[in-house]
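Descriptive structure summary
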Amino acid sequence: MRISVEEVFETLGMTLDHHFDIRTVTLGINLKDCIDRDLDWLMKQVQARIVEKGQLLNHCADALEQKYGIPITNRRVSITPASLLLEPLPRKTITAVKLAKALDAAAKKAEVDFLGGFGAMVQKGMTAAEENLIDSIPEALSQTDRVCGFLNLASTAAGINMNAVVKVGHVIRDLAHRSEKGIGCAKLAVFANVPEDSPFMAGAHHGVGEPDYSLNIGISGPGVVRNVVAQNPDCDLTQLSEVIKRTVFKITRAGELIGRELAGLMKVDFGIVDISLAPTTATGDSVAEIIEAMGVGRMGCPGTTAALALLIDAVKKGGAMASGNVGGLSGTFIPVSEDAGMIRAVRSGTLNLEKLEALTSVCSVGLDMFAIPGDTAPEIISSIIADELSIGVANNKTTSVRVVPVPGAKPGSIVHFGGLLGSAPVMKIITKVTSAQFIQRRGRLPSPILALRN
Amino acid sequence: MPEQKASQICIVTVTGQDRVGIIAKLATTMAKANINIVDVNQKIMEDTFVMTMAVDIGQATMSMGQIKKQLDQVGRQMALKITIQDESIFKAMHRI
(Lines give C-alpha, C1' and ligand atoms only; values in the text may rest on other atoms or scores of the structure.)
Protein backbone atom coordinates (compact mmCIF):
# COMPACT_ATOMS: atom_id res chain seq x y z
CA MET A 1 0.00 0.00 0.00
CA ARG A 2 1.35 3.34 -1.00
CA ILE A 3 2.13 5.84 1.74
CA SER A 4 -0.69 8.35 2.24
CA VAL A 5 -0.36 12.11 2.05
CA GLU A 6 -1.10 12.35 5.79
CA GLU A 7 1.68 9.90 6.65
CA VAL A 8 4.18 11.71 4.50
CA PHE A 9 3.35 15.03 6.10
CA GLU A 10 3.43 13.60 9.60
CA THR A 11 7.06 12.65 9.00
CA LEU A 12 7.82 15.94 7.30
CA GLY A 13 6.26 17.88 10.16
CA MET A 14 8.45 16.01 12.64
CA THR A 15 11.65 17.12 10.93
CA LEU A 16 10.61 20.57 9.77
CA ASP A 17 8.56 21.79 12.74
CA HIS A 18 9.56 19.66 15.71
CA HIS A 19 13.31 19.18 15.45
CA PHE A 20 13.28 15.44 14.80
CA ASP A 21 16.77 14.41 13.80
CA ILE A 22 19.32 11.67 14.02
CA ARG A 23 21.13 13.28 16.90
CA THR A 24 24.31 11.35 16.48
CA VAL A 25 25.94 8.55 14.56
CA THR A 26 28.86 7.27 16.57
CA LEU A 27 31.37 4.81 15.19
CA GLY A 28 32.98 2.64 17.84
CA ILE A 29 36.57 1.79 16.91
CA ASN A 30 38.61 -0.98 18.50
CA LEU A 31 42.20 0.11 19.17
CA LYS A 32 43.37 -2.82 21.28
CA ASP A 33 45.55 -4.09 18.46
CA CYS A 34 47.46 -0.76 18.48
CA ILE A 35 48.70 -1.22 22.05
CA ASP A 36 52.49 -0.88 22.06
CA ARG A 37 55.43 0.15 24.24
CA ASP A 38 56.33 2.84 21.71
CA LEU A 39 54.07 5.89 22.22
CA ASP A 40 54.88 7.46 18.86
CA TRP A 41 54.06 4.27 16.98
CA LEU A 42 50.82 3.90 18.95
CA MET A 43 49.77 7.47 18.18
CA LYS A 44 50.51 7.03 14.48
CA GLN A 45 48.45 3.83 14.24
CA VAL A 46 45.56 5.25 16.22
CA GLN A 47 45.45 8.49 14.25
CA ALA A 48 45.53 6.74 10.88
CA ARG A 49 42.58 4.55 11.80
CA ILE A 50 40.47 7.32 13.33
CA VAL A 51 41.03 9.65 10.37
CA GLU A 52 40.24 6.99 7.78
CA LYS A 53 37.08 5.73 9.44
CA GLY A 54 35.96 9.15 10.64
CA GLN A 55 36.10 10.55 7.11
CA LEU A 56 34.21 7.54 5.78
CA LEU A 57 31.57 8.06 8.48
CA ASN A 58 31.08 11.67 7.42
CA HIS A 59 30.93 10.79 3.75
CA CYS A 60 28.32 8.05 4.21
CA ALA A 61 26.27 10.10 6.69
CA ASP A 62 26.08 12.96 4.17
CA ALA A 63 24.78 10.57 1.51
CA LEU A 64 22.04 9.22 3.78
CA GLU A 65 21.05 12.67 4.97
CA GLN A 66 20.39 13.51 1.35
CA LYS A 67 18.58 10.26 0.62
CA TYR A 68 16.17 10.39 3.56
CA GLY A 69 15.89 14.10 4.18
CA ILE A 70 16.46 13.68 7.92
CA PRO A 71 19.36 15.65 9.40
CA ILE A 72 22.21 13.63 10.91
CA THR A 73 23.35 16.30 13.31
CA ASN A 74 26.51 14.92 14.91
CA ARG A 75 29.12 12.48 13.67
CA ARG A 76 31.32 11.03 16.37
CA VAL A 77 33.89 8.41 17.12
CA SER A 78 34.28 6.36 20.28
CA ILE A 79 37.37 4.32 21.05
CA THR A 80 38.63 1.53 23.28
CA PRO A 81 39.09 3.04 26.78
CA ALA A 82 42.34 5.01 26.56
CA SER A 83 43.55 3.57 29.85
CA LEU A 84 44.09 0.24 28.07
CA LEU A 85 46.29 1.92 25.46
CA LEU A 86 48.35 3.45 28.27
CA GLU A 87 48.95 0.20 30.15
CA PRO A 88 52.40 -0.63 28.69
CA LEU A 89 53.56 3.00 28.57
CA PRO A 90 55.48 5.09 31.15
CA ARG A 91 53.29 6.22 34.06
CA LYS A 92 53.74 9.90 33.38
CA THR A 93 51.05 12.53 33.00
CA ILE A 94 52.73 13.82 29.86
CA THR A 95 52.27 10.41 28.16
CA ALA A 96 48.51 10.49 28.67
CA VAL A 97 48.30 14.16 27.65
CA LYS A 98 50.25 13.45 24.46
CA LEU A 99 47.84 10.64 23.62
CA ALA A 100 44.86 12.94 24.22
CA LYS A 101 46.34 15.55 21.91
CA ALA A 102 46.95 12.95 19.21
CA LEU A 103 43.32 11.84 19.49
CA ASP A 104 42.17 15.46 19.30
CA ALA A 105 44.22 16.08 16.17
CA ALA A 106 42.78 12.94 14.54
CA ALA A 107 39.20 13.96 15.40
CA LYS A 108 39.79 17.38 13.85
CA LYS A 109 41.35 15.95 10.73
CA ALA A 110 38.45 13.50 10.30
CA GLU A 111 36.00 16.35 11.00
CA VAL A 112 34.11 14.40 13.65
CA ASP A 113 32.46 16.51 16.35
CA PHE A 114 33.69 14.58 19.35
CA LEU A 115 35.86 11.61 20.17
CA GLY A 116 34.87 9.65 23.28
CA GLY A 117 36.77 7.09 25.27
CA PHE A 118 39.51 8.97 27.09
CA GLY A 119 38.70 7.13 30.27
CA ALA A 120 38.79 3.97 32.34
CA MET A 121 36.71 1.31 34.03
CA VAL A 122 37.71 1.58 37.69
CA GLN A 123 34.57 0.47 39.53
CA LYS A 124 36.51 -1.96 41.71
CA GLY A 125 40.08 -0.74 41.68
CA MET A 126 42.62 1.25 39.70
CA THR A 127 45.75 0.00 37.96
CA ALA A 128 48.77 2.30 37.95
CA ALA A 129 48.04 3.21 34.33
CA GLU A 130 44.43 4.02 35.12
CA GLU A 131 45.46 6.19 38.04
CA ASN A 132 47.86 7.97 35.71
CA LEU A 133 45.08 8.58 33.20
CA ILE A 134 42.78 10.00 35.87
CA ASP A 135 45.57 12.30 37.13
CA SER A 136 46.12 13.53 33.58
CA ILE A 137 42.47 14.45 32.93
CA PRO A 138 42.67 18.13 34.01
CA GLU A 139 45.53 18.76 31.60
CA ALA A 140 44.34 16.42 28.85
CA LEU A 141 40.78 17.75 28.63
CA SER A 142 41.68 21.42 29.11
CA GLN A 143 44.31 21.28 26.35
CA THR A 144 42.11 19.51 23.80
CA ASP A 145 38.81 20.47 22.16
CA ARG A 146 37.07 17.35 20.94
CA VAL A 147 38.26 14.62 23.29
CA CYS A 148 35.69 13.45 25.85
CA GLY A 149 36.43 11.57 29.04
CA PHE A 150 34.46 8.98 30.98
CA LEU A 151 35.14 7.09 34.18
CA ASN A 152 33.10 4.17 35.44
CA LEU A 153 33.44 4.54 39.20
CA ALA A 154 30.77 2.09 40.28
CA SER A 155 28.67 -0.88 39.27
CA THR A 156 25.95 -2.98 40.80
CA ALA A 157 28.31 -5.97 40.79
CA ALA A 158 31.31 -4.19 42.31
CA GLY A 159 29.85 -1.39 44.43
CA ILE A 160 31.42 2.08 44.44
CA ASN A 161 35.16 2.65 44.30
CA MET A 162 35.34 5.45 46.86
CA ASN A 163 39.10 5.88 46.42
CA ALA A 164 38.42 6.85 42.82
CA VAL A 165 35.42 9.00 43.81
CA VAL A 166 37.63 11.01 46.18
CA LYS A 167 40.24 11.45 43.47
CA VAL A 168 37.67 12.54 40.90
CA GLY A 169 36.36 15.31 43.18
CA HIS A 170 39.80 16.92 42.96
CA VAL A 171 40.15 16.17 39.23
CA ILE A 172 36.86 17.90 38.40
CA ARG A 173 37.70 20.97 40.41
CA ASP A 174 41.16 21.18 38.90
CA LEU A 175 39.77 20.74 35.37
CA ALA A 176 37.20 23.47 36.02
CA HIS A 177 39.86 25.95 37.04
CA ARG A 178 41.95 25.23 33.95
CA SER A 179 39.16 26.03 31.49
CA GLU A 180 37.06 29.13 30.88
CA LYS A 181 33.85 29.07 32.96
CA GLY A 182 34.77 25.50 33.93
CA ILE A 183 33.56 24.31 30.55
CA GLY A 184 36.21 21.57 30.31
CA CYS A 185 34.04 19.65 32.78
CA ALA A 186 31.30 19.36 30.14
CA LYS A 187 33.60 16.84 28.45
CA LEU A 188 33.85 14.53 31.46
CA ALA A 189 31.14 12.19 32.70
CA VAL A 190 31.50 9.77 35.60
CA PHE A 191 29.25 6.72 35.80
CA ALA A 192 27.76 3.83 37.64
CA ASN A 193 27.02 0.89 35.31
CA VAL A 194 28.24 2.69 32.19
CA PRO A 195 26.98 1.10 28.95
CA GLU A 196 29.78 0.06 26.59
CA ASP A 197 27.94 1.05 23.44
CA SER A 198 26.38 4.45 24.10
CA PRO A 199 26.61 6.84 21.13
CA PHE A 200 26.11 9.92 23.32
CA MET A 201 28.89 12.13 24.64
CA ALA A 202 30.55 12.68 26.99
CA GLY A 203 30.29 9.06 28.10
CA ALA A 204 30.65 7.21 24.78
CA HIS A 205 33.40 4.62 24.48
CA HIS A 206 33.96 1.39 22.60
CA GLY A 207 33.86 -1.27 25.32
CA VAL A 208 36.08 -4.33 25.51
CA GLY A 209 33.18 -6.63 24.59
CA GLU A 210 32.65 -4.86 21.28
CA PRO A 211 33.76 -5.96 17.76
CA ASP A 212 36.40 -4.14 15.66
CA TYR A 213 33.88 -1.54 14.56
CA SER A 214 30.36 -0.85 15.68
CA LEU A 215 27.99 1.80 14.38
CA ASN A 216 25.72 3.15 17.10
CA ILE A 217 22.98 5.66 16.54
CA GLY A 218 21.23 8.13 18.80
CA ILE A 219 17.87 9.42 17.67
CA SER A 220 16.13 12.32 19.21
CA GLY A 221 12.82 14.02 19.21
CA PRO A 222 11.69 15.70 22.43
CA GLY A 223 9.93 18.26 20.22
CA VAL A 224 7.99 15.53 18.43
CA VAL A 225 6.88 13.93 21.70
CA ARG A 226 5.97 17.29 23.22
CA ASN A 227 3.82 18.02 20.18
CA VAL A 228 1.77 14.82 20.45
CA VAL A 229 1.38 15.26 24.20
CA ALA A 230 0.16 18.81 23.66
CA GLN A 231 -2.30 17.59 21.02
CA ASN A 232 -3.86 15.22 23.55
CA PRO A 233 -4.75 17.46 26.49
CA ASP A 234 -7.80 15.49 27.61
CA CYS A 235 -6.89 11.81 27.39
CA ASP A 236 -6.10 9.88 30.58
CA LEU A 237 -2.57 8.83 31.45
CA THR A 238 -2.96 5.28 30.12
CA GLN A 239 -3.95 6.68 26.74
CA LEU A 240 -1.22 9.31 26.93
CA SER A 241 1.33 6.54 27.38
CA GLU A 242 -0.04 4.85 24.24
CA VAL A 243 0.22 8.08 22.25
CA ILE A 244 3.86 8.55 23.30
CA LYS A 245 4.68 4.90 22.55
CA ARG A 246 3.32 5.19 19.03
CA THR A 247 5.34 8.31 18.30
CA VAL A 248 8.56 6.91 19.73
CA PHE A 249 8.01 3.76 17.70
CA LYS A 250 8.02 5.83 14.53
CA ILE A 251 11.13 7.85 15.27
CA THR A 252 13.01 4.77 16.44
CA ARG A 253 12.17 3.00 13.19
CA ALA A 254 13.67 5.90 11.27
CA GLY A 255 16.82 5.61 13.40
CA GLU A 256 16.99 1.87 12.93
CA LEU A 257 16.65 2.17 9.13
CA ILE A 258 19.33 4.85 8.81
CA GLY A 259 21.68 3.16 11.30
CA ARG A 260 21.49 -0.18 9.55
CA GLU A 261 22.00 1.34 6.13
CA LEU A 262 24.90 3.48 7.33
CA ALA A 263 26.59 0.44 8.86
CA GLY A 264 26.04 -1.42 5.58
CA LEU A 265 27.57 1.39 3.53
CA MET A 266 30.59 1.50 5.83
CA LYS A 267 30.83 -2.31 5.90
CA VAL A 268 30.87 -2.38 9.70
CA ASP A 269 28.63 -4.04 12.30
CA PHE A 270 25.44 -2.24 13.24
CA GLY A 271 25.52 -1.82 17.01
CA ILE A 272 22.56 -0.24 18.77
CA VAL A 273 19.89 2.42 18.59
CA ASP A 274 19.92 4.61 21.68
CA ILE A 275 16.35 5.84 22.10
CA SER A 276 17.17 8.48 24.70
CA LEU A 277 15.21 11.69 24.36
CA ALA A 278 17.99 14.28 24.16
CA PRO A 279 16.94 17.91 24.37
CA THR A 280 18.67 20.87 22.76
CA THR A 281 18.46 24.55 23.53
CA ALA A 282 16.27 25.08 20.42
CA THR A 283 12.77 26.32 21.26
CA GLY A 284 10.41 23.40 21.74
CA ASP A 285 13.13 20.73 21.82
CA SER A 286 12.82 20.31 25.56
CA VAL A 287 12.15 17.33 27.83
CA ALA A 288 10.94 19.66 30.61
CA GLU A 289 8.31 20.98 28.21
CA ILE A 290 7.02 17.43 27.57
CA ILE A 291 6.50 17.06 31.32
CA GLU A 292 4.79 20.44 31.44
CA ALA A 293 2.61 19.57 28.42
CA MET A 294 1.41 16.55 30.43
CA GLY A 295 -0.04 18.97 32.96
CA VAL A 296 2.78 19.45 35.48
CA GLY A 297 2.81 23.17 36.31
CA ARG A 298 6.54 23.54 36.08
CA MET A 299 9.38 21.01 35.89
CA GLY A 300 10.42 20.15 39.45
CA CYS A 301 7.14 20.76 41.28
CA PRO A 302 5.41 17.76 42.94
CA GLY A 303 4.16 15.40 40.24
CA THR A 304 7.29 15.73 38.11
CA THR A 305 8.86 12.41 39.11
CA ALA A 306 5.67 10.50 38.31
CA ALA A 307 5.31 12.25 34.96
CA LEU A 308 8.93 11.55 34.06
CA ALA A 309 8.53 7.89 35.05
CA LEU A 310 5.52 7.62 32.71
CA LEU A 311 7.44 9.30 29.90
CA ILE A 312 10.53 7.12 30.11
CA ASP A 313 8.49 3.94 30.39
CA ALA A 314 6.50 4.82 27.26
CA VAL A 315 9.71 5.75 25.41
CA LYS A 316 11.28 2.39 26.25
CA LYS A 317 8.20 0.39 25.27
CA GLY A 318 7.76 2.21 21.95
CA GLY A 319 11.46 1.94 21.19
CA ALA A 320 11.76 -1.73 22.11
CA MET A 321 8.91 -2.59 19.73
CA ALA A 322 10.59 -0.66 16.91
CA SER A 323 14.08 -2.12 17.10
CA GLY A 324 15.68 -5.31 18.32
CA ASN A 325 18.91 -3.40 18.83
CA VAL A 326 17.90 -0.90 21.49
CA GLY A 327 20.85 -0.24 23.76
CA GLY A 328 23.21 2.37 25.08
CA LEU A 329 21.67 4.64 27.68
CA SER A 330 18.12 4.65 26.31
CA GLY A 331 16.83 6.90 29.03
CA THR A 332 15.62 10.45 29.06
CA PHE A 333 18.26 13.12 29.34
CA ILE A 334 17.54 15.96 31.71
CA PRO A 335 20.65 18.13 31.36
CA VAL A 336 20.08 21.46 33.03
CA SER A 337 22.02 23.73 30.70
CA GLU A 338 20.92 22.14 27.41
CA ASP A 339 17.16 22.32 27.94
CA ALA A 340 15.31 25.65 27.94
CA GLY A 341 12.56 24.27 30.18
CA MET A 342 15.06 22.94 32.72
CA ILE A 343 16.81 26.31 32.87
CA ARG A 344 13.47 28.05 33.46
CA ALA A 345 12.61 25.58 36.22
CA VAL A 346 15.88 26.15 38.08
CA ARG A 347 15.60 29.92 37.72
CA SER A 348 12.04 29.98 39.01
CA GLY A 349 13.01 27.84 42.01
CA THR A 350 10.84 24.78 41.32
CA LEU A 351 13.85 22.61 40.49
CA ASN A 352 16.77 22.28 42.88
CA LEU A 353 19.64 19.82 43.05
CA GLU A 354 17.80 17.56 45.49
CA LYS A 355 14.76 17.24 43.21
CA LEU A 356 17.01 16.73 40.21
CA GLU A 357 18.63 13.81 42.02
CA ALA A 358 15.20 12.35 42.77
CA LEU A 359 14.29 12.60 39.08
CA THR A 360 17.38 10.64 38.09
CA SER A 361 16.09 7.64 40.03
CA VAL A 362 13.43 7.12 37.35
CA CYS A 363 15.09 8.38 34.20
CA SER A 364 18.68 7.12 34.19
CA VAL A 365 21.56 9.14 32.85
CA GLY A 366 21.81 11.19 36.01
CA LEU A 367 22.83 14.65 37.10
CA ASP A 368 23.81 16.21 33.83
CA MET A 369 25.29 19.56 32.86
CA PHE A 370 24.54 21.48 36.01
CA ALA A 371 26.66 24.33 37.33
CA ILE A 372 27.82 24.81 40.90
CA PRO A 373 30.02 27.52 42.44
CA GLY A 374 33.67 27.10 41.48
CA ASP A 375 34.84 27.21 45.08
CA THR A 376 32.83 24.11 46.01
CA ALA A 377 35.15 21.81 47.99
CA PRO A 378 36.33 18.66 46.20
CA GLU A 379 34.84 16.57 49.04
CA ILE A 380 31.41 18.04 48.31
CA ILE A 381 31.77 17.24 44.61
CA SER A 382 32.75 13.69 45.58
CA SER A 383 29.73 13.49 47.90
CA ILE A 384 27.36 14.54 45.09
CA ILE A 385 28.93 11.88 42.87
CA ALA A 386 28.68 9.18 45.56
CA ASP A 387 24.99 9.96 46.11
CA GLU A 388 24.16 9.81 42.42
CA LEU A 389 26.17 6.67 41.72
CA SER A 390 24.57 4.87 44.66
CA ILE A 391 21.16 5.39 42.99
CA GLY A 392 22.51 3.56 39.94
CA VAL A 393 24.17 0.81 41.95
CA ALA A 394 21.17 0.14 44.17
CA ASN A 395 18.68 0.19 41.29
CA ASN A 396 20.76 -1.75 38.80
CA LYS A 397 20.74 1.06 36.25
CA THR A 398 23.07 3.60 34.68
CA THR A 399 23.54 6.91 36.44
CA SER A 400 26.14 9.55 35.78
CA VAL A 401 27.35 12.95 36.91
CA ARG A 402 28.51 15.76 34.67
CA VAL A 403 29.02 18.74 36.91
CA VAL A 404 30.56 22.09 36.00
CA PRO A 405 32.05 24.05 38.90
CA VAL A 406 32.19 27.59 37.53
CA PRO A 407 35.11 29.60 38.93
CA GLY A 408 33.98 32.84 40.55
CA ALA A 409 30.26 32.12 40.11
CA LYS A 410 27.75 32.49 42.93
CA PRO A 411 24.49 30.50 43.38
CA GLY A 412 21.67 32.00 41.35
CA SER A 413 23.87 33.60 38.69
CA ILE A 414 23.60 32.44 35.08
CA VAL A 415 26.58 31.08 33.16
CA HIS A 416 26.45 31.12 29.37
CA PHE A 417 28.47 28.30 27.82
CA GLY A 418 27.29 28.99 24.29
CA GLY A 419 26.39 26.68 21.42
CA LEU A 420 24.96 23.24 22.13
CA LEU A 421 25.94 23.46 25.80
CA GLY A 422 23.52 26.32 26.44
CA SER A 423 23.51 28.23 29.69
CA ALA A 424 23.09 27.16 33.28
CA PRO A 425 21.88 28.79 36.47
CA VAL A 426 24.44 28.10 39.20
CA MET A 427 22.77 25.79 41.72
CA LYS A 428 22.75 26.19 45.45
CA ILE A 429 24.57 23.55 47.45
CA ILE A 430 24.54 22.94 51.20
CA THR A 431 28.06 23.87 52.31
CA LYS A 432 27.61 24.72 56.01
CA VAL A 433 27.72 21.06 56.91
CA THR A 434 29.47 18.48 54.74
CA SER A 435 30.13 14.76 54.52
CA ALA A 436 33.89 15.21 54.14
CA GLN A 437 34.54 12.76 56.96
CA PHE A 438 32.36 10.10 55.36
CA ILE A 439 33.97 10.56 51.95
CA GLN A 440 37.51 10.54 53.38
CA ARG A 441 36.98 7.07 54.82
CA ARG A 442 37.57 5.85 51.26
CA GLY A 443 37.52 2.11 50.52
CA ARG A 444 34.81 0.42 48.52
CA LEU A 445 31.13 0.89 49.14
CA PRO A 446 30.02 -2.75 48.98
CA SER A 447 27.85 -4.00 46.16
CA PRO A 448 24.19 -4.37 47.11
CA ILE A 449 22.67 -7.76 47.87
CA LEU A 450 20.90 -7.66 44.51
CA ALA A 451 24.31 -8.14 42.91
CA LEU A 452 24.26 -11.72 44.25
CA ARG A 453 22.06 -13.19 41.57
CA ASN A 454 23.95 -16.30 40.54
CA MET B 1 20.91 -6.24 -23.40
CA PRO B 2 22.16 -3.72 -20.84
CA GLU B 3 21.28 -4.58 -17.25
CA GLN B 4 18.23 -2.74 -15.98
CA LYS B 5 18.90 -0.74 -12.81
CA ALA B 6 16.56 -1.58 -9.93
CA SER B 7 13.80 0.90 -9.25
CA GLN B 8 14.21 3.38 -6.39
CA ILE B 9 10.98 5.02 -5.32
CA CYS B 10 11.17 8.48 -3.80
CA ILE B 11 8.44 10.71 -2.48
CA VAL B 12 8.40 14.31 -3.65
CA THR B 13 6.35 16.63 -1.45
CA VAL B 14 5.07 20.04 -2.39
CA THR B 15 3.50 22.56 -0.03
CA GLY B 16 2.33 26.12 -0.62
CA GLN B 17 -0.28 28.06 -2.54
CA ASP B 18 -2.18 26.15 -5.23
CA ARG B 19 -1.75 27.58 -8.72
CA VAL B 20 -1.80 26.65 -12.40
CA GLY B 21 1.11 24.62 -13.71
CA ILE B 22 2.66 23.06 -10.60
CA ILE B 23 2.30 19.48 -11.82
CA ALA B 24 3.28 20.45 -15.36
CA LYS B 25 6.45 22.11 -14.16
CA LEU B 26 7.39 19.20 -11.94
CA ALA B 27 6.62 16.68 -14.66
CA THR B 28 8.91 18.54 -17.07
CA THR B 29 11.71 18.60 -14.50
CA MET B 30 11.31 14.87 -13.86
CA ALA B 31 11.20 14.01 -17.56
CA LYS B 32 14.44 15.88 -18.19
CA ALA B 33 16.18 13.68 -15.63
CA ASN B 34 14.52 10.50 -16.95
CA ILE B 35 12.50 10.09 -13.76
CA ASN B 36 9.20 8.20 -14.03
CA ILE B 37 6.22 9.52 -12.10
CA VAL B 38 4.46 6.59 -10.46
CA ASP B 39 1.67 8.20 -8.47
CA VAL B 40 0.33 11.65 -7.57
CA ASN B 41 -1.84 12.64 -4.60
CA GLN B 42 -2.95 16.06 -3.54
CA LYS B 43 -5.26 17.69 -1.04
CA ILE B 44 -5.82 20.74 1.11
CA MET B 45 -4.50 20.24 4.67
CA GLU B 46 -5.01 23.03 7.19
CA ASP B 47 -5.54 25.61 4.44
CA THR B 48 -2.38 24.77 2.50
CA PHE B 49 -2.07 22.89 -0.73
CA VAL B 50 -0.11 19.69 -0.25
CA MET B 51 0.92 17.21 -2.86
CA THR B 52 2.91 14.01 -2.77
CA MET B 53 4.34 12.49 -5.89
CA ALA B 54 5.88 9.01 -5.95
CA VAL B 55 8.69 8.90 -8.50
CA ASP B 56 11.10 6.22 -9.63
CA ILE B 57 14.67 7.53 -9.82
CA GLY B 58 16.17 4.11 -10.62
CA GLN B 59 16.88 5.16 -14.24
CA ALA B 60 17.55 8.81 -13.47
CA THR B 61 20.37 10.59 -15.26
CA MET B 62 21.02 12.77 -12.20
CA SER B 63 22.17 12.02 -8.65
CA MET B 64 19.81 12.61 -5.74
CA GLY B 65 21.73 15.77 -4.85
CA GLN B 66 21.33 17.16 -8.37
CA ILE B 67 17.63 16.31 -8.44
CA LYS B 68 17.24 18.12 -5.14
CA LYS B 69 18.91 21.21 -6.59
CA GLN B 70 16.56 21.18 -9.60
CA LEU B 71 13.55 20.89 -7.31
CA ASP B 72 14.81 23.71 -5.10
CA GLN B 73 15.00 25.87 -8.20
CA VAL B 74 11.41 25.03 -9.17
CA GLY B 75 10.38 25.72 -5.57
CA ARG B 76 11.94 29.18 -5.68
CA GLN B 77 10.34 30.03 -9.03
CA MET B 78 6.85 29.00 -7.91
CA ALA B 79 7.11 29.96 -4.20
CA LEU B 80 6.62 26.36 -3.05
CA LYS B 81 8.38 24.14 -0.57
CA ILE B 82 9.54 20.98 -2.27
CA THR B 83 11.34 18.01 -0.72
CA ILE B 84 12.43 14.61 -1.98
CA GLN B 85 13.05 11.60 0.24
CA ASP B 86 13.50 7.89 -0.32
CA GLU B 87 10.18 6.11 0.23
CA SER B 88 11.64 3.54 2.62
CA ILE B 89 11.84 6.10 5.45
CA PHE B 90 8.05 6.49 5.36
CA LYS B 91 7.52 2.74 5.11
CA ALA B 92 9.77 2.19 8.12
CA MET B 93 7.92 4.77 10.19
CA HIS B 94 4.33 4.07 9.18
CA ARG B 95 4.18 0.36 8.32
CA ILE B 96 4.89 -2.58 10.58
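Residues numbered from 1 in each chain as written. Chains lettered and ligands numbered in written order. Predicted model: local features only at pLDDT ≥ 70, side-chain atom pairs only at ≥ 80, totals over all residues.

**Some thoughts on the sheet that holds strand β3 (residues 48-56) of chain B**
All names here are of chain B. As summarised here, the arrangement of the four strands in space is β2-β3-β1-β4, forming an open sheet in which the pairing is antiparallel. If you trace the sheet from one side to the other, it starts and ends with β2 (36-45) and β4 (80-86), each paired once. The sheet shows a mean angle of 15 degrees between the axes of neighbouring strands, direction not considered. Strand direction decides the pairing type here: strand β1 (residues 9-16) and β4, joined by seven bridges, are antiparallel. Each bridged residue has a counterpart across the sheet, and for Cys10 the counterpart in β4 is Asp86. Contacts between helix α1 (residues 22-32) and the sheet are confined to β1, β2, β3 and β4, with β2 contributing the most and set at about 155 degrees to the helix. On top of the sheet, helix α2 (residues 64-78) reaches β1 and β4; it is set at about 160 degrees to β4, its chief contact. (Pairing = 2+ DSSP bridges. Helix = DSSP H or I, 4+ residues; strand = E, 2+ residues; numbered from the N terminus. Axes fitted to C-alpha atoms, helices over the stretch in contact; angles between N-to-C directions. Contact = placed C-beta atoms within 7 Å.)

**Concerning the interface of chain A and chain B**
Every contact between the two is made by 17 residues of chain A and, on the other side, 23 residues of chain B. Secondary structure elements with two or more residues in the side of chain A that touches chain B: α1 (5-17), α2 (39-68) and α8 (237-266) of chain A. Top element by residues in the side of chain A that touches chain B is α1 of chain A. It accounts for six residues. Grouping the amino acids of the side of chain A that touches chain B by side-chain chemistry returns nine nonpolar, three polar and five charged. (Nonpolar A, V, L, I, M, F, W, Y, C, P; charged D, E, K, R; others polar.)

**What about the packing of helix α7 (residues 222-230) of chain A against α8 of chain A?**
Residues and elements named next belong to chain A. One can describe the packing of α7 onto α8 by two numbers: an axis separation of 10 Å at closest approach and a directional angle of 150 degrees. Taken together, the axis directions place α7 and α8 in an arrangement best described as roughly antiparallel. Judged by the sense of rotation from one axis to the other, the crossing of α7 with α8 is right-handed. For the pair α7 and α8, contact is made by Val224, Val225, Val228 and Val229 and by Leu240, Val243, Ile244, Thr247, Val248 and Ile251, respectively. Here the contact of α7 with α8 is built from residues that sort into nine nonpolar, one polar and no charged. (Parallel < 35°, antiparallel > 145°, perpendicular 65-115°, else oblique. Left-handed = near helix turned anticlockwise from the far one by under 90°.)

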